[in-house]
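Next come the chains, spelled out residue by residue.
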There are 2 protein chains.
Amino acid sequence: MKKTNATLADGREIVYFDLDDSAVRELVDPRDLPAVSTASQFRLDPLLDEWVAMASHRQSRTFLPPDEECPLCPSSDGRHTEIPASDYDVVTFENRFPSLSTAAEPPQVDAPNPLVPMRPGFGRCEVVCFSSDHNARFADLSAAQARLVVDAWADRTTELGELDGVEQVFCFESRGKEIGVTLSHPHGQIYAYPYLTPRSSRMVDVAARYRKRTGGDLHTDVLAAEREARVRVVAESTHWTAFVPAAARWPVEVHVYPRRRVRKIPDLDDAERDDFVVLYLDLLQRLDRLYDSPLPYISAWHQGPVVDTEELGYLHLQLFSIRRAADKLKFLAGTESGMNAFITDVLPEDVARRLRDI
Amino acid sequence: MKKTNATLADGREIVYFDLDDSAVRELVDPRDLPAVSTASQFRLDPLLDEWVAMASHRQSRTFLPPDEECPLCPSSDGRHTEIPASDYDVVTFENRFPSLSTAAEPPQVDAPNPLVPMRPGFGRCEVVCFSSDHNARFADLSAAQARLVVDAWADRTTELGELDGVEQVFCFESRGKEIGVTLSHPHGQIYAYPYLTPRSSRMVDVAARYRKRTGGDLHTDVLAAEREARVRVVAESTHWTAFVPAAARWPVEVHVYPRRRVRKIPDLDDAERDDFVVLYLDLLQRLDRLYDSPLPYISAWHQGPVVDTEELGYLHLQLFSIRRAADKLKFLAGTESGMNAFITDVLPEDVARRLRDI
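Just so you know, these numbers come straight off a predicted model, no measurement behind them. (Residues numbered from 1 in each chain as written. Chains lettered and ligands numbered in written order. Predicted model: local features only at pLDDT ≥ 70, side-chain atom pairs only at ≥ 80, totals over all residues. Heavy atoms only, no water.)

A closer look at the interface of chain A and chain B
Applied cut-off: For this analysis, residues touch if any pair of their heavy atoms sits within 4.5 Å. The term buried area means the drop in 1.4 Å probe accessible area that two parts suffer when joined, counted for both and summed. Throughout this description, the term salt bridge denotes a Lys or Arg side-chain nitrogen within 4 Å of a carboxyl oxygen of Asp or Glu. Throughout this description, a polar contact denotes any pair of N or O atoms lying within 3.5 Å of each other; where both atoms belong to protein, one of them has to be capable of donating a hydrogen while the other can accept it, and for residues adjacent in sequence the pair is counted only when both atoms sit in side chains. Helix numbers and strand numbers start at the N terminus; a helix is a DSSP run of H or I with at least 4 residues, a strand a run of E with at least 2. Three classes are used, and their members are as follows: Ala, Val, Leu, Ile, Met, Phe, Trp, Tyr, Cys and Pro are nonpolar, Asp, Glu, Lys and Arg are charged, and the others, Gly among them, are polar. DSSP bridges decide pairing: two strands pair if at least two such bridges lie between them.
The partner chain B presents 89 residues to the 89 residues of chain A that form the contact. Of the roughly 7,300 Å² buried between chain A and chain B on both sides combined, carbon and sulfur atoms contribute 60%. Seen at the junction of chain A and chain B, the total is 9 salt bridges. Seen at the junction of chain A and chain B, the total is 28 residue pairs in polar contact (both at pLDDT 80 or more). Here the side of chain A that touches chain B takes 8 residues from helix α2 (residues 198-214) of chain A, the largest share from any one element. Here the side of chain A that touches chain B is built from residues that sort into 49 nonpolar, 21 polar and 19 charged. As judged from the 2 bridges shared by strand β17 (residues 343-344) of chain A and strand β4 (residues 50-54) of chain B, these two strands associate in the parallel manner. Counterpart to T344 of chain A in the pairing with β4 of chain B is M54 of chain B.

Shown next as structure tokens:
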């Protein structure tokens, strides 16, 4: 794998990840681009004690462009995209419409609420192009190509985690216009947050209480119990287990754990990475056959915090979909959106069986 | 107001609320209905320590029927709907496809995960028909009719709160097929939960910490600060204030507080109820003019827990929408669904100004 860093016309960083160690990258972006907005801000929701990011410049972001105007395809025939190269394997670059920015400025509000602290929307948002093929799915990638994506996630997790002020790095893919994806080119995103996100913070608290009560590691014990129970396991490989969690909250939800407890993607060794992509590609293909159509999904890597002194994190992937039937989506209704109380229409054991039987 | 209790063919309770104190209700439901499912269950998500309800029988629930088959219209011309009467003002009844049931049975699973406790899906789900007019919006109701809805919410909150095992009552309206509403007839729902929901539990914890730190009441102080700041206030009346919260997480979000601190809807006096409907009807009409089309919204009443010994609750309405532009919806993307870290594209001060200026 060869890694090449370069800079886009407006100063954003772009990183090429090439399978071919001898690849040489064109590094000049000839476009005339406006400056990237630095207006993002955070405000603390005083009722829930949770930070909310506000990025009003994102209202004008690119929205479902026609294929021939895709900004994530390679540049060609005089059309300059976000990637100033005629081809690429995997590439990551800073989002042109970032929710968070390392250059975010202190918010200015005429009449703030003194109970609502504000701070700059510090952080970083990167785009990861999984393939130069506009019509590919992640599930279509070769094992080598998928492995290159894992290496890119690992690299970015390390690099972004070293930025002063970043406390968590989140690699994820959202796929499908049903869930609001605005670009159809196969890509994911990476968010570097200046705080531990609410879900992660909750997971750390719950794991800490569990350790105090039992002396054990929560994730390790949940994984062991699912391997013992078998009924919710979807797939297993030498180093990984994929199962539908016993209390799944989404109509399709699979958790994928490495058997060796590591905190972050960069901690995975070569064998674990190679083994992951085989299991993951198979899993993604099953998901698309569940309803014989591309399943809208979110694939979310839960990594430990950048600084994890208590060692409570356990790397795992949460892969989930809002599709509850071939022609129906699960919407977050009043009980979920208003109360965060989830109600699901399917049983985990049934979903696991269907995914195994495909 | 006259209240009449009756029973539907399958044993479900129905309650008529009539403006006319002399109303006489037909009480016989001639249908031959199958028994209501009691298969709901709760499972504890061990990673987040939150209960997830599972109601697999709901997969077959009525989904966007044509107008002439609406189950919430009055019965007529030999067609028997859920309401065995030729007309009604406001009516509430137990949901035929309930997520929670007072008769829920202990879950049976072949190979449970011992770290995932299970319990019956105890609780109650009611439907509230706001009007017999299939095409009405809540915003179209007369003040007297809307007041009758408030009285119905109050009545159901009291009655359901008295059921042994119910710890929280949630009255809400979801409107719009964009957010998955399966019936277009103007209606809301009421959930009686056997536990304090995650959002409410979090609000109580945060309010308790605030009281310990400052001696004050969090909601009272937030309301006072917004009334002082003015810029986010959308509307005020004698007894109520509606404002866009300074850290709003939805593209349109308005919180409506009574100025007198009460815990629950039944605690509101006559003057407060009458005053609420005037402000609320005006607010709903503004929402529909925001994009000159019916706004998909969720209107969620946050009431204190049934038993609120520490008196940390403060009744308020959270009215919010996922519409971020005339032609665009805000979807919960990777950061929200995966990390519960909200990012919004609009500033609260701008939303408040637009809602005031309509």
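After that view, the rundown keeps rolling.
Quick look at the packing of aromatic side chains
We apply this condition: Geometry of aromatic contacts follows a simple scheme: Phe, Tyr and Trp rings, the Trp one being its six-membered ring, pair when their centres are within 6.5 Å, and the pair is stacked under 30 degrees between planes, edge-to-face over 60, tilted otherwise. Under the scheme applied here, a residue whose accessible area is under 20% of the maximum for its type counts as buried, over 50% as exposed, and between as partly exposed, the area being computed with a 1.4 Å probe on protein chains only.
According to the stated counting rule, one finds 40 aromatic pairs over all chains in the structure shown. Where F130 of chain A meets W153 of chain A, the ring centres are 6.3 Å apart and the plane angle is 85°; that geometry is what we call edge-to-face. Of this pair, F130 of chain A sits in the loop between β7 (124-129) and α1 (143-161) while W153 of chain A sits in helix α1; the two residues are 23 residues apart in sequence, bridging distant segments of the chain. By the burial criterion, F130 of chain A is buried, and W153 of chain A matches it. With centroids separated by 6.5 Å and ring planes inclined at 25°, the aromatic side chains of F170 of chain B and Y193 of chain B adopt a geometry described as stacked. On the criterion of sequence distance, the pair formed by F170 of chain B in strand β8 (residues 168-175) and Y193 of chain B in strand β9 (residues 187-193) is long-range, its members being 23 residues apart. With relative accessibility at 0%, the residue F170 of chain B sits in the buried group.

Overview of the sheet that holds strand β4 (residues 50-54) of chain A
In spatial order, the strands read β6(A)-β3(A)-β4(A)-β17(B); together these 4 strands make up an open sheet with mixed pairing. Here the strands that pair on one side only, and so sit at the sheet edges, are β6 (118-120) of chain A together with β17 (343-344) of chain B.

By themselves these figures say nothing about function.
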